[in-house]
Amino acid sequence: MVRDIALQSGNLLVRQIGGPSVKPYQPPSIWEQVSYPTSDTVHYAQEHGDALHRRSMYTYVKRMAPLPNMDAFDAPTRDTVCTRRQRTDTPLQALITMNDVQWVEAARGLAERVIRAGGSQEQRIDRMGLILLSRVPPPPMAAVLEKSLSEMQKRYAANPKDAHALVSIGEKKPDSSIPEPELAAWAMIASEMLNLDETLNK
Amino acid sequence: MKQHPLCSDCEDKITPMDLPIPSGLKKEWATCESRRQFLGRTGKVLGWAALAGLFGEASLNYRALASGPNLQAGSGINNLGLPHFAPKAKRAIYLFMSGAPPQIDLFDYKPNLAAQFNNDMPASVRGNQQLTGMTAGQARFPIAPAHWPFKQYGQTGTWISDLLPYTARMVDDLTFIKSTNTDAINHEPAIMLMNTGNMNAGKPCLGAWLAYGLGSMNDNLPTFVVLQTKTNPKENNQPVSSRLWSSGFLSSEFAGVGLRSVGDPVLYLQDPAGVDRQTRRKMLDAVEEINRQTLAEVGDPETNSRIAQYEMAYRMQSSVPELTDLSKEPESTWDLYGPEAKEPGTFAYNCLLARRMAERGVRFTQIYKRGWDVHDNVVGNLPVLCGETDRGSYALVTDLKRRGLLDDTLVIWAGEFGRTVYSQGGLSQENYGRDHHPRCFTVWMAGAGVRPGVTYGETDEYSYNVVKDPVHVRDFNATILHCLGIDHNKFAYKFQGLDQKLTSPVPAFVVQGILT
Amino acid sequence: MSVATKVASSAGDLWQRARQSRRAWLGAACATALILLSLLFVPLDGRPRADWLQFLGRFHPLLVHLPIGLIVLLPVLETLGIRHPSLREAAGLVLKFAFAACLVAILFGLLLAYGSGESGTTVTLHLRGGVLLAIELLFCVAVRRSWLQTQHSPAYFALLAGLLLTLTWTAHQGGSLTHGSNYLTHYMPPTLKRYVAPSAVSSHPSSFFAKHIYPVLDTKCVSCHGTNKEQGGLRLDSYESLMAGGKDGIVIAPRNPDGSLLLKKVTLPPSDPHFMPAEGRPPLTPDEIARIRAWVLAGASPEAGSVPGIFIAGDREEAPPPVGDYRALMGEIQQMQQSQGAKLVPVSAKPSDGLILRTTDVAATFDDSQLAKFQRFAPFIVEAELGRTAITDESIATLAQFKNLRALHLEGTLVTGRTLGKLSSLSQLSYLNLSATKVTSGEVAPLKSMPNLRHLYLFNSPAEPASADNGIRSTQ
């Protein structure tokens, strides 16, 4: 669900229904570590294109090695009945929402979305709030975000190489009409908003 | 809403805190109350009373655990009342030999077997044991003595195979249990039994229990770390699964965190390209400030927890690379562990990391080494396996000892079961195979809580049955818990109507004979 | 007429005359005493003699109980006899009977000693004691007559007291001969033992040898291989003589239990003529043999405190003393933790087990001033984890105030060892880790006298010993 929210907000979610399971991003060498050597699921062959952005319920599940970024969010292991999902807070979840390719890509997608929709900075922030939180960010929140935005803009303007690296993450190509430093800065703001407690919880 | 006939007060004045409902339910209500406020609804108080009969208390404990001992540990008070008594060991390192090492070839010295080469093992020894499908159909069960000689070492005069020259050097520090036995004859159930106390999936493993019960000693590193050794494709690598370090029904924050040798040491540790530490810090500062605003507005304690976890994630981003940075290790380390230890993913490297983690207060480290499943070609495979693990094990114990860490660390070396005295497949002077054997196997421990230089338990002349002081896997786990100050009978968690314990409902006993 | 007959007849004459005159009677008594004294010169040269001598001699331990009982009864009767004259008369009979029984016991004792070739101090002492006892009894007989007449004779009661003392002493010697000199003290509670029976092995009284090997030898071997007797020229009553061996060579070969004659002999089949202990004495139990075996395998050291693989229940470390209850201070402790970052972690759910000062999370910034703030919790702190902190020598003085400290981690700190001596006042300290510090052996030396400090770690420091020890030094 959480991943889906990120994808959807980043305009990446593919709404195709049904079909075989897909294999989205996964760090290397997860399946090899646990598998029987002659198994047909020893090597994880990541797919490309739309397959990366399907709804999470279509993700291929290997019970011995569930997808880490779903496992960290207490996805049930399918060995036992689950009547109620656990709800936990772990640093691994934080690491995923900050650093996972999926999330960085989604943040960038969200940044593109609000930039393309146009408007001033405040309007863009408001739009992000509406997308993620179903409300316009209240003034204190908006103030923090704007301050952060200006810091990020300064930083990426001074480091175009970093901006390029950041926006290139993920297989979906960035929108070339948006200058990279701008996109990178907004991607960071989007990432911040995606990492908010309010986004992830409420 | 119409007033309940039994209530004389207006509904708004009653809170579930006043009702005779389980305390877990009350806690649940309290934490959801904030969500109610956010959504702008008033609570239907009496609805909770009605639901009291439907909810089990256990499922509501998750909420109580959400802040868990990890955060509580900061206050130094463990709300579970653990350890029950003063522990000898504060931390444990578990060297798990997945696949089952053959005890006859390594530790369980049976010189009488040499004369019995190729004799049939008497059927009386086996009794009515059900063998695996791999050997049940064999026409004969010829005895295969150990191919390698044994010698005595140390002041205790312990017999060790020539295959383990390094382990031989430290026999005076080790406690051997030769009478360990298990119920399962195949890998998956046996390995689950060793790790989680139950052959069925879904139970927390030893590390998760310890993380839950004792909490963390270091707020910057995970409490329970799992290290996988790179597999050698020539070996028979039985699978392991993330179930073995899972937290089962306990909160997932107690699951083992894999420390990997490929890519990020902890998954997703590295900031993405284009984001440096300063940027990450600024981003986090912004997120946390907004979260604090949320906390002030909504009052959900979970928010607090989330702030803390983000901070810990940030700290881990520097503490974990520091942990895996071996550049400052003195030359004496490489002299001890060998040059292999410089290569990430090897067993020696993992042992070195385990020592570093012990220094930094990681509560429980588990290293998996796969490939011990020598159904055939014991003569070819076993020396390789020993070569991969012997020096590392010795180096770990020695390193801990000389640094003063062995006084409060417990080191464990174990597989999931033993191997048969009879040969699986053909038997020749040059080679043989061994099948699974649950009735007896050898494990060793070293360090705090166990007496060095002791061998506990005996097997019969065929190393087939235990004849003295049997130690079931349950008892073994109970003993480990005991060394860490936990009474395995009292350490339980109510789930699905049962007081779940690591040692399962079947009675288990601490092995007093090896304790200090 | 043979000499014997002449002696007998003259004795009989003497007896007749003694009955008639007091003087003659005294004369007879002295003569008997002289004969008894002459027995002291019977040669006890340690050479066994005829079997019939030994056969008869072995009744001595049986017969000796009779005079013992009678001599003990005598003062009782005499005392009670002051009020009850009938008892006094009985006392007279008992006295004479005791004297006779004593003579018989001495006779058989001589047969035993002479016949079996016992020799040595204890035997001589026991013999002398027995003879003295007989002489005293004789004097009792003499004095009693006058006592009877005068009703009061302090001399008589003094003699009786002396009699009892001699009896006790002689009997003890006799018991030591049979059961070993530590028979009464072997199972004595340790508190008493310290005063009554200081360890026979005075050089290393807490060593494994002194506690677990020597008592076995003393009980089961020293009666024939000790100061009393030296069978086969072998004495087993001290470490030196044990290792020196006897006529057949050394009996203990360090690290070679199978080549040790002592072990070979005690593990022979009991019916074997060379089985030890000989002469039907109780054999060594399998436990005792295992202990000796393990001790020999480990090098047969006279000072090692323990032997790998052997665990004696009584050796289990005593539980450390409980510390006070810190629960009242919980609020303050939590505040400290929040402000300082370092934690005070309970050792266990029992408050009396104390607290651990854990600085892992703030190690880099934890310095002397912060440690000083924890001083108010000092009585409860049993372990201080200060590894890799910013602690310096200044804190040693602070730490010396932590009276209940059992374990101190100073690895990787800037401690130079200059002030380490202050830690000697910590009587409970059993673990000190100075790995990866700059301490030198000179500075560490004063710590070695601390009785409880069993675990001192100096890895990667200038003080690290060069041996294969790798920095671990144990006082055991």
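Please read all numbers here as calculations on a predicted model, not as lab measurements.

**Q** Explanation requested: the overall build of chain B in the structure shown.
**A** Broken down by element type, chain B carries 15 helices and 17 strands. Expressed as a percentage of the 516 residues in chain B, the buried residues total 63%. Nonlocal contacts in chain B, meaning residues at least 24 apart in sequence, comprise 79% of its contacts between residues at least 6 apart. When the accessible surface of chain B is split by element, carbon and sulfur atoms take 52% of a total near 18200 Å².

**Q** Looking at this structure, how should I read the interface of chain C and chain B?
**A** Many authors give the size of an interface as the accessible area that is lost as the parts come together. Counting from both sides, the interface comprises 35 residues of chain C and, opposite them, 40 residues of chain B. Summing the contributions of chain C and of chain B, the shared interface buries around 2800 Å²; its carbon and sulfur component is 51%. Scanning the region where chain C abuts chain B turns up four salt bridges. Two residues, Lys343 of chain C and Asp219 of chain B, come together in a salt bridge whose shortest N-O distance is 3.8 Å. For the pair chain C and chain B, the number of links is nine residue pairs in polar contact (both at pLDDT 80 or more). Here the side of chain C that touches chain B takes four residues from strand E1 (residues 343–346) of chain C, the largest share from any one element. Across the side of chain C that touches chain B, the residue classes tally to 15 nonpolar, eleven polar and nine charged.

**Q** Mind showing me how you'd approach helix H4 (residues 91–99) of chain A here?
**A** In an α-helix, one full turn covers 3.6 residues, which means residues spaced three or four apart are oriented alike. Judged by how many residues are buried, H4 of chain A sits mostly within the fold: eight of nine residues are covered. Burial in H4 of chain A covers these residues: Pro91, Gln93, Ala94, Leu95, Ile96, Thr97, Met98 and Asn99 of chain A. Buried residues in H4 of chain A make contact with helix H3 (68–71), helix H5 (101–117) and helix H10 (197–201) of chain A together with helix H10 (277–298) and helix H11 (301–324) of chain B.

**Q** How do you make sense of the environment of Asp126 of chain A when you look at a structure like this?
**A** All names here are of chain A. Along the chain, Asp126 turns up in helix H6 (residues 121–133). The exposure class of Asp126 is partly exposed, given its relative accessible area of 25%. For the pair Asp126 and Ala142, spaced 16 residues apart in sequence, the C-alpha to C-alpha distance is 8.0 Å. Leave out the neighbours within four places in its chain, and Asp126 touches Val136 and Pro137.

**Q** Is there a simple way to explain unusual backbone geometry in this structure?
**A** Peptide bonds are, in most cases, trans, and in most cases residues other than glycine have a negative phi. The linkage connecting Leu82 of chain B with the following residue, Pro83 of chain B, adopts the cis geometry, with an omega of -5 degrees. Note that the residue after Met276 of chain C, namely Pro277 of chain C, is joined by a cis bond; omega there is 0 degrees. For Pro277 of chain C, the location among the structural elements is in the loop between helix H12 (261–266) and helix H13 (286–297). One non-glycine residue, Ser463 of chain B, lies in positive phi territory at about 50 degrees. You can see Ser463 of chain B is positioned in the loop between strand E13 (458–459) and strand E14 (466–468).

**Q** When you look at the interface of chain A and chain B in this model, what are you seeing that I'm missing?
**A** Across the boundary between the two partners, chain A contributes 60 residues, which contact 68 residues of chain B. Counting every contact that joins chain A to chain B gives three salt bridges. When the shortest N-O distance is used, the salt bridge between Glu297 of chain B and Arg135 of chain A registers 3.7 Å. Elements that contribute at least two residues to the side of chain A that touches chain B include exactly helix H2 (31–34), H3, H4, helix H7 (139–158), helix H8 (160–167), helix H9 (180–194) and H10 of chain A. Taken together, the residues of the side of chain A that touches chain B break down into 29 nonpolar, 15 polar and 16 charged.

**Q** Please explain the pairing of strand E8 (residues 409–415) of chain B as it appears in this structure.
**A** The two faces of the sheet receive side chains in turn, since in a regular strand these alternate between them. Residues and elements named next belong to chain B. The element E8 is extensively covered by neighbouring structure, given that seven of its seven residues are classed as buried. Residues Thr409, Val411, Trp413 and Gly415 of E8 are buried on one face, and the alternating residues Leu410, Ile412 and Ala414, pointing to the opposite face, are buried as well. Here seven bridges tie strand E1 (residues 91–97) to E8, and the two strands are oriented parallel to one another. Across the sheet, Leu95 pairs through a bridge with Trp413, a residue of E8. Here E8 pairs with strand E11 (residues 441–447) via four bridges, running antiparallel. The partner of Ile412 across the bridge, within E11, is Met445.

**Q** Looking at this structure, I do not really get the packing of H6 of chain A against H7 of chain A. What am I missing?
**A** Helix packing geometry: the angle between the two helix axes and the distance between the axes. Residues and elements named next belong to chain A. As a packed pair, H6 and H7 sit with axes 11 Å apart at the nearest point and diverge in direction by 120 degrees. Considering the relative orientation of H6 and H7, their crossing is right-handed. Contact residues: Gln121, Glu122, Ile125 and Leu133 in H6; Met141, Leu145, Glu146, Leu149 and Gln153 in H7. Considering only residue class, the contact of H6 with H7 consists of five nonpolar, two polar and two charged.

**Q** How should the packing of aromatic side chains be read in this particular structure?
**A** Aromatic ring pairs are defined here through the distance separating the ring centres and the angle between the ring planes. Evaluation of the coordinates by the stated rule reveals 32 aromatic pairs over all chains. A cation over an aromatic ring shows up here: Lys62 of chain A above the ring of Trp31 of chain A, its NZ or CZ 5.5 Å from the ring centre. Positioned above the aromatic ring of Tyr314 of chain B, the side-chain terminus of Arg281 of chain B is 4.4 Å from the ring centre.

**Q** Teacher, can you tell me more about a nonpolar patch on the surface here?
**A** Where nonpolar side chains cluster on the molecular surface, the patch consists of Phe55, Phe59 and Leu62 of chain C and spans about 320 Å² of accessible area. Relative to the helices and strands, Phe59 of chain C is located in the loop between helix H3 (51–57) and helix H4 (60–63).

**Q** Just to check I follow, could you spell out the confidence of the model for chain B for this structure?
**A** Parts of the prediction with low pLDDT should not have their coordinates interpreted in detail. Here chain B averages 85 in pLDDT, while 86% of its residues score no lower than 70. Predicted confidence for residues 38–77 of chain B stays below pLDDT 50, and this span has 84 contacts to residues more than four positions away or in other chains.

**Q** Would you mind showing me how to read the pattern of salt bridges here?
**A** Scanning the entire structure with this criterion turns up 55 salt bridges over all chains. Of the charged contacts, one joins Arg281 of chain B and Glu311 of chain B as a salt bridge, the two residues approaching to 2.8 Å between their closest N and O atoms. Here Arg281 of chain B, found in helix H10, pairs with Glu311 of chain B, found in helix H11; they are 30 residues apart in sequence, far enough to count as distant. A salt bridge links Lys220 of chain C to Glu288 of chain C; the shortest N-O distance between them is 3.1 Å. Residue Lys220 of chain C is found in helix H10 (residues 208–220), and its partner Glu288 of chain C is found in helix H13; the two are separated by 68 residues along the sequence. For the pair Lys220 of chain C and Glu288 of chain C, a shared accessibility class is recorded, and that class is buried. Taken together, the salt bridges that share partners define one network made up of Glu322, Glu329, Arg355, Arg356, Glu359, Arg360, Asp399, Arg402 and Arg403 of chain B together with Arg388 of chain C.

**Q** In this structure, what is going on with helix H8 (residues 187–196) of chain B? I would like to understand it.
**A** The buried fraction of H8 of chain B is high, at eight of ten residues. For H8 of chain B, every residue scored as buried is listed here: His187, Ala190, Ile191, Met192, Leu193, Met194, Asn195 and Thr196 of chain B.

**Q** Would you take a moment to explain the nonpolar core for this structure?
**A** In terms of nonpolar packing, the biggest core is built from 184 residues, with Tyr94, Leu95, Trp444 and Phe476 of chain B touching the most fellow members. Contact partners of Trp444 of chain B, with chain neighbours within four places excluded, come to Leu95, Phe107, Thr167, Met170, Leu174, Thr175, Phe176, Ser393, Val397, Val411, Ile412 and Trp413 of chain B. Leu357, Ile391, Leu408 and Val415 of chain C belong to the second largest nonpolar core, which has 40 residues in total.

**Q** How do you make sense of the packing of H4 of chain A against H5 of chain A when you look at a structure like this?
**A** Residues and elements named next belong to chain A. In contact at an axis separation of 5 Å, H4 and H5 are set at 45 degrees when each is read in the N-to-C sense. Between H4 and H5, the angle falls in the class oblique. Where H4 abuts H5, its residues Ile96, Thr97, Met98 and Asn99 lie against Val101, Trp103 and Val104. Tallied by class, the residues present in the contact of H4 with H5 amount to five nonpolar, two polar and no charged.

Here is what the cut-offs are and how they apply
Residues numbered from 1 in each chain as written. Chains lettered and ligands numbered in written order. Predicted model: local features only at pLDDT ≥ 70, side-chain atom pairs only at ≥ 80, totals over all residues. Heavy atoms only, no water. Helix = DSSP H or I, 4+ residues; strand = E, 2+ residues; numbered from the N terminus. Buried < 20%, exposed > 50% of the residue type's maximum accessible area, 1.4 Å probe, protein only. Contact = heavy atoms within 4.5 Å. Areas by Shrake-Rupley, 256 points an atom, 1.4 Å probe, with all protein chains shown as cover. Buried area = accessible area lost by both parts, 1.4 Å probe. Salt bridge = Lys/Arg side-chain N within 4 Å of Asp/Glu carboxyl O. Polar contact = N/O pair within 3.5 Å; in protein donor to acceptor, adjacent residues only side chain to side chain. Nonpolar A, V, L, I, M, F, W, Y, C, P; charged D, E, K, R; others polar. Pairing = 2+ DSSP bridges. Axes fitted to C-alpha atoms, helices over the stretch in contact; angles between N-to-C directions. Left-handed = near helix turned anticlockwise from the far one by under 90°. Phe/Tyr/Trp six-rings, centres within 6.5 Å; stacked < 30°, edge-to-face > 60°. Lys NZ or Arg CZ within 6 Å of the ring centre and 35° of its normal. Patch = residues over 30% accessible without salt bridge, like charges linked within 9 Å, V, L, I, M, F, W, Y side chains within 5 Å. pLDDT = per-residue confidence, 0-100. Core = buried A, V, L, I, M, F, W, Y, C linked by side-chain atoms within 4.5 Å. Parallel < 35°, antiparallel > 145°, perpendicular 65-115°, else oblique.

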